[in-house]
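An overview of the molecular structure
Chain by chain, the residues run as shown.
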Amino acid sequence: MNHKYPSSTIFILNVVLVIHAFAYSVESRPAFACDPANAGTRNLPFCKTSLPIHVRVQDLIQRLTLQEKIRLLVNNAAPVERLGVNGYEWWSEALHGVSSTGPGVKFGGAFPSATSFPQVITTAASFNASLWEQIGQVVSDEGRAMYNGGAAGLTFWSPNVNILRDPRWGRCQETPGEDPHLVAQYAISYVKGLQGGGGRGTSRLKVAACCKHYTAYDLDDWNGFDRYHFNAKVSRQDLEDTYNVPFKACVVEGNVASVMCSYNQINGKPSCADPTLLRDTIRAQWRLNGYIVSDCDSVGVLFEQQHYTRFPEDAAAATIKAGLDLDCGPFLAIHTEKAVRTGKVSEMEVNYALANTITVQMRLGMFDGPNGPYANLGPRDVCTPAHQQLALQAAREGIVLLKNVGRALPLSPQRHRTVAVIGPNSDATVTMIGNYAGVPCGYISPLQGIARYARTVHQRGCMGVACPGNQQFGVAEVAARHADATVLVMGLDQTIEAEARDRVSLLLPGYQQELISKVAMASRGPVVLVLMSGGPIDVTFAKNDPRVLAILWVGYPGQAGGAAIADVLFGAANPGGKLPMTWYPQDYVAKVAMTNMDMRADPARGYPGRTYRFYKGPVVFPFGAGFSYTRFSQSIVSAPAIVSVPTLIHSLDGNSTRKKLAVRTTHTNCDSLNLNLHINVKNTGDMDGTHTLLIFSTPPPANATKQLVSFEKVHVPAGAQHRVNININACKHLTVADQFGIRRIFMGEHKIHVGEDDINHSITFHASLEQIKV
């Protein structure tokens, strides 16, 4: 999301709206409507909390004029003073903490800062769903507190649940990784944490989350292609089993209050104007209980830059009729009235859009006056010690140990009394929080963190992560030569990868590689490479360098990142993170255009495929990579061997060979197909640790690939054993999407793979032909 006006014309037309909304900015407007002190409005039906929400919503809408309705269709919704309805800024962000991105949040005064958690890609590496929900709960506590103080909205346009398809994407850092199941589970957990468990119907919301950017959006600006003009050509199969998986989970299981459509086109239609994607899928099939919002200025973009319609009022009509309820940007406020007057969209359709947005506001308590279950939250509930401790825990859990030769780590404060801390990110602060961040409670840089354990000698070695020269390498080598250990903190930052900034190369920028190699050669003690980045980096040279004994990937670890890095380096915390994405070699991107949306490999045209599910070539580090300071073993205690799938005779697809039959998920009783696996995890080492149990499956079709179906984070003390119960639903986890996007369970032998130990178990499915209720 990048707020901009599509043209100078729209900017001029919108000046009055902007000035008007400024008078009702977040600093000045009251935090609630239906003020009990306002005798003229407090007794109106839409202010009566005793009435059902849908009755209150309809009462308010029928009191509005057409012009008033239209001014509520945009993010900076104008007030309706005669009804005591305040202006409201819909655009607030909370990707990994309350963010200053967007006009809805204002730091300062009683709210100078908020807890800044690790960037999403780092938190995803923890594979810890309960942690994700905890973070959501903390972020919504702080968001509510700031709203009560007039410093934020209650509609947070987070999380980003796009699949990390291409390693060059500048927004890799915002996503939970490349695997659809992982991203889906993150979406469900974080949304539940944010919303306070608010589900379907009229259940109340703590804050309203938003899953974005729907759909197949993962290119910003690459090789002459940008997100405003890009037409993503996507097969039904890839939409069903990759791109839409997290969004469906977000709506169906997470009960999210909002979905944001993206800038790009999908198969020739702008996502924000496609009724199949919005009205028919999100609203009808998935039954969204909330509103659909555009990415900022995307309605203007589809008219002005994509030239999707001839006239602006046609663009307004097309988006509203497709199912769009709210425009981030001024376009609908300017052009919808003409669309209604000319009959291109009806006032009833405008009412329907407003019903969706106002219902969410009602569920948030914004028309209930000053009281409510969260009214007591205030400045004392922001940046609390407990919140900051959770940020530290999240950073620790997200760190991934990628190399550790001869158990070089952890370092010892007794043996490694002096540590050379070298690299452009060695004293990083702002870099650690990534994008879509706010003002942190405070920073602990890597240098500061390491200084808690040992005396430090600090040399940057490079002028910034771009590292344009090697003039400072000599002093860095001297520092390493005289230290007991050397920690090189290298990688990327927002000047290399960011929104609207895709990478060209997977290599370290500038002379960073040379700095690492020279310092490693000069170092007297063990050399540890610490990498900050959102996307993967090709560090094959360091992986193969015998002088680089250990490699840690820390993503962008948040406000407490330096403390977490030091805790892992010195063994106060045992790393347990796993890579949520494949790290490809540089020559991979030479073969693959970012514009190719196909997930599956096509050897006939030399296309290698994407992600661990479909790419089988060489990698730097695979999806799920990550070591611990201790050792774990896994064993399957019990699991089903044969599963009967109740099936209507006419639903069987395939020939008469039973093992090739496939059953549509819509033609069986999915509730009866829950499978329980019991797995023992034993810590066979000498240090307490957490283990990420990864469960994959491979279905029987010859071209099927291994895919993640479940994961569990488990803490096991040294020498102890823990039993983990895993539930897998055949319809949800063991299906294959065909070329038409239809989910099927294939009969025959399904292989279950447990983690990296290559422990396999076979489950054979066979069709039970019977009359069932579907």
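Fair warning: this is a prediction, and the values are worked out from it, not measured in the lab. Counting restarts for each chain, with residues numbered from 1 along the sequence as it is written. Local features in a predicted model are, by the rule used here, given only for residues with pLDDT of at least 70; side-chain atom pairs are given and counted only at 80 or more, and totals for whole chains, interfaces and linings are based on all residues. The basis for the side-chain values is all heavy atoms of the structure; hydrogens and waters are excluded.

Working definition: two side chains of opposite charge can pair if their charged atoms are close together. When a carboxyl oxygen of Asp or Glu lies within 4 Å of a side-chain nitrogen of Lys or Arg, that pair is called a salt bridge. Counted under the stated rule, the structure contains 35 salt bridges. For the salt bridge of arginine 610 with aspartate 166, the shortest nitrogen-to-oxygen distance reads 2.9 Å. Here arginine 610 is found in the loop between helix 20 (586-591) and helix 21 (611-614), whereas its partner aspartate 166 is found in the loop between helix 5 (129-148) and helix 6 (180-195), with 444 residues between them in sequence. Both residues of the pair, arginine 610 and aspartate 166, count as buried. Here a strand is any run of E in DSSP of at least two residues, a helix any run of H or I of at least four, and the numbering for each starts at the N terminus. Each residue's exposure class comes from its accessible area (1.4 Å probe, protein chains only) as a fraction of the maximum for that residue type: buried when under 20%, exposed when over 50%, partly exposed otherwise.

A separate point is the layout of surface pockets. Residues are called lining when one of their atoms sits within 4 Å of a cavity or pocket point, these points coming from a 1 Å grid over the protein atoms alone, where a cavity is a set in which a 1.4 Å probe fits but cannot get out and a pocket is an open set with protein on both sides within 12 Å along at least five of seven lines. Grid points are joined across faces, edges and corners, and a volume is the space filled by probe spheres set on the points. Its boundaries defined by the atoms lining it, the largest pocket holds a volume of some 1,200 Å³. Taken together, 40 residues make up the lining of the largest pocket; nearest its centre are Glu240, Asn244, Lys248, Trp286 and Arg743. Mapped by element, the contributors of at least two residues to the lining of the largest pocket are helix 6, helix 7 (236-243), helix 8 (245-252), helix 9 (276-285), strand 23 (707-716) and helix 22 (730-733). Looking at the lining of the largest pocket element by element, the count peaks at five residues for helix 6. When residues of the lining of the largest pocket are assigned to domains, at least three map to each of domain 1 (45-94 + 121-374) and domain 3 (632-768). Here the limits of each domain have been adopted from an automatic or database domain assignment.

Let's shift gears to the packing of aromatic side chains. Side-chain rings of Phe, Tyr and Trp (the six-membered ring for Trp) are treated as a pair once their centres are within 6.5 Å; stacked means planes under 30 degrees apart, edge-to-face means over 60, and tilted covers the remaining angles. The tally for this structure, following the rule as stated, stands at 23 aromatic pairs. Geometrically, the ring pair formed by phenylalanine 127 and phenylalanine 623 is edge-to-face, given 6.2 Å between the ring centres and 75 degrees between the ring planes. Here the residue phenylalanine 127 occupies a position in the loop between helix 4 (120-124) and helix 5, and phenylalanine 623 occupies one in the loop between helix 21 and strand 17 (632-638), the gap between them amounting to 496 residues. An identical accessibility class is assigned to phenylalanine 127 and phenylalanine 623; each is buried. A connected cluster of aromatic rings, assembled from ring pairs, spans Phe127, Trp132, Tyr186, Tyr190, Tyr612, Phe623, Phe696 and Phe711.

Let's shift gears to the domain arrangement of the protein. By domain assignment, the protein separates into domain 1 (45-94 + 121-374), domain 2 (387-605) and domain 3 (632-768). Centre-to-centre, using C-alpha coordinates, domain 1 lies 35 Å away from domain 2. Working rule for contacts: check all heavy atoms of both residues, and any pair within 4.5 Å makes them a contact. The interface is formed by 47 residues belonging to domain 1 together with 47 residues belonging to domain 2. Summing both partners gives a buried area of about 3,900 Å² for domain 1 against domain 2, and 57% of it is carried by carbon and sulfur. What counts as buried area is the accessible surface, traced by a 1.4 Å probe, that two parts surrender upon association, with contributions from both included. Together, Pro167, Arg168 and Gln173 form the three largest contributors to the area buried by domain 1 at its contact with domain 2, with a combined 20%. In this structure, the connection of domain 1 to domain 2 is made through four salt bridges. A 3.5 Å cut-off defines polar contacts: any pair of N or O atoms within that distance qualifies, except that in protein one atom must be a possible hydrogen donor and the other a possible acceptor, and neighbouring residues in sequence count only when both atoms are side-chain atoms. Between the two partners, domain 1 and domain 2, sit 29 residue pairs in polar contact (both at pLDDT 80 or more). Breaking the side of domain 1 that touches domain 2 down by element, the ones donating at least two residues are helix 4, helix 5, strand 4 (221-222) and helix 7.

Every angle, taken between N-to-C directions, lies between 0 and 180 degrees, and every axis is a line fitted to C-alpha atoms, over only the stretch in contact when it is a helix. For the pair helix 16 (residues 473-481) and helix 17 (residues 512-522), the least separation of the axes is 8 Å and the interaxial angle reads 35 degrees. Where helix 16 crosses over helix 17, the handedness of that crossing is right-handed. Here Phe473, Ala476, Glu477, Ala480 and Arg481 of helix 16 lie close against helix 17, whose contacting residues are Glu514, Leu515, Lys518, Val519 and Ala522. Should the near helix be turned counterclockwise from the far one by less than a right angle, the crossing is left-handed, whereas a clockwise turn marks it as right-handed.

Pairing between strands requires that DSSP locate at least two bridges from one strand to the other. Pairing is antiparallel across the open sheet formed by three strands, whose spatial order is 17-21-24. The sheet terminates laterally at strand 17 and strand 24 (721-729), the two strands that pair on one side only. Sheet twist, expressed as the mean angle between neighbouring strand axes with direction ignored, is 30 degrees.

What follows concerns the sheet that holds strand 10 (residues 291-294). Read across the sheet, three strands follow the order 3-7-10 without closing on themselves; strand pairing throughout is parallel. Of all strands in the sheet, those bounded by a partner on one side alone are strand 3 (211-214) and strand 10. Averaged over all neighbouring strand pairs, the angle between strand axes comes to 30 degrees, with direction disregarded. Two elements, strand 3 and strand 7 (residues 258-261), share two bridges in a ladder whose sense is parallel. Opposite tyrosine 214, over in strand 7, you have cysteine 261 as the bridge partner.

Moving on: the state of the cysteines. Disulfides are defined as pairs of cysteine sulfur atoms found within 2.5 Å of each other. Tallying each qualifying case throughout the model produces seven disulfides. Sulfur-sulfur distance for the disulfide between cysteine 296 and cysteine 328 comes to 2.0 Å. Judged by the sign of its S-S torsion, about 75 degrees, the cystine formed by cysteine 296 and cysteine 328 is right-handed. Here cysteine 296 is found in the loop between strand 10 and helix 10 (298-304), whereas its partner cysteine 328 is found in the loop between helix 11 (312-322) and helix 12 (331-341), with 32 residues between them in sequence. Exposure remark for cysteine 296: the relative accessible area of 0% places this residue in the buried category. Cysteine cysteine 172 is unpaired, with the sulfur of cysteine 211 as its nearest cysteine sulfur at 19 Å. There is no disulfide at cysteine 210, and the cysteine sulfur nearest it, in cysteine 211, is 6.9 Å away. Owing to a relative accessible area of 0%, cysteine 210 belongs among the buried residues under this scheme.

Right, let's get into the environment of serine 768. Tracing the backbone through its elements, the reader meets serine 768 in strand 28 (residues 759-769). For serine 768, a relative accessible area of 18% gives the class buried. Sequence-wise, serine 768 and proline 646 are 122 residues apart; in three dimensions their C-alpha atoms are separated by 4.7 Å. Excluding residues within four positions of it along the chain, serine 768 makes contact with Ser644, Val645, Pro646 and Thr647.

By definition here, a helix of n residues has an expected span of 1.5 Å times n minus one. In a regular helix each residue adds 1.5 Å, so 17 residues correspond to 24 Å; helix 13 (residues 347-363) covers 24 Å between its end C-alpha atoms and thus fits that length. Where helix 13 ends, the next residue or the one after it, glycine 365, has phi of about 85 degrees, a positive value.

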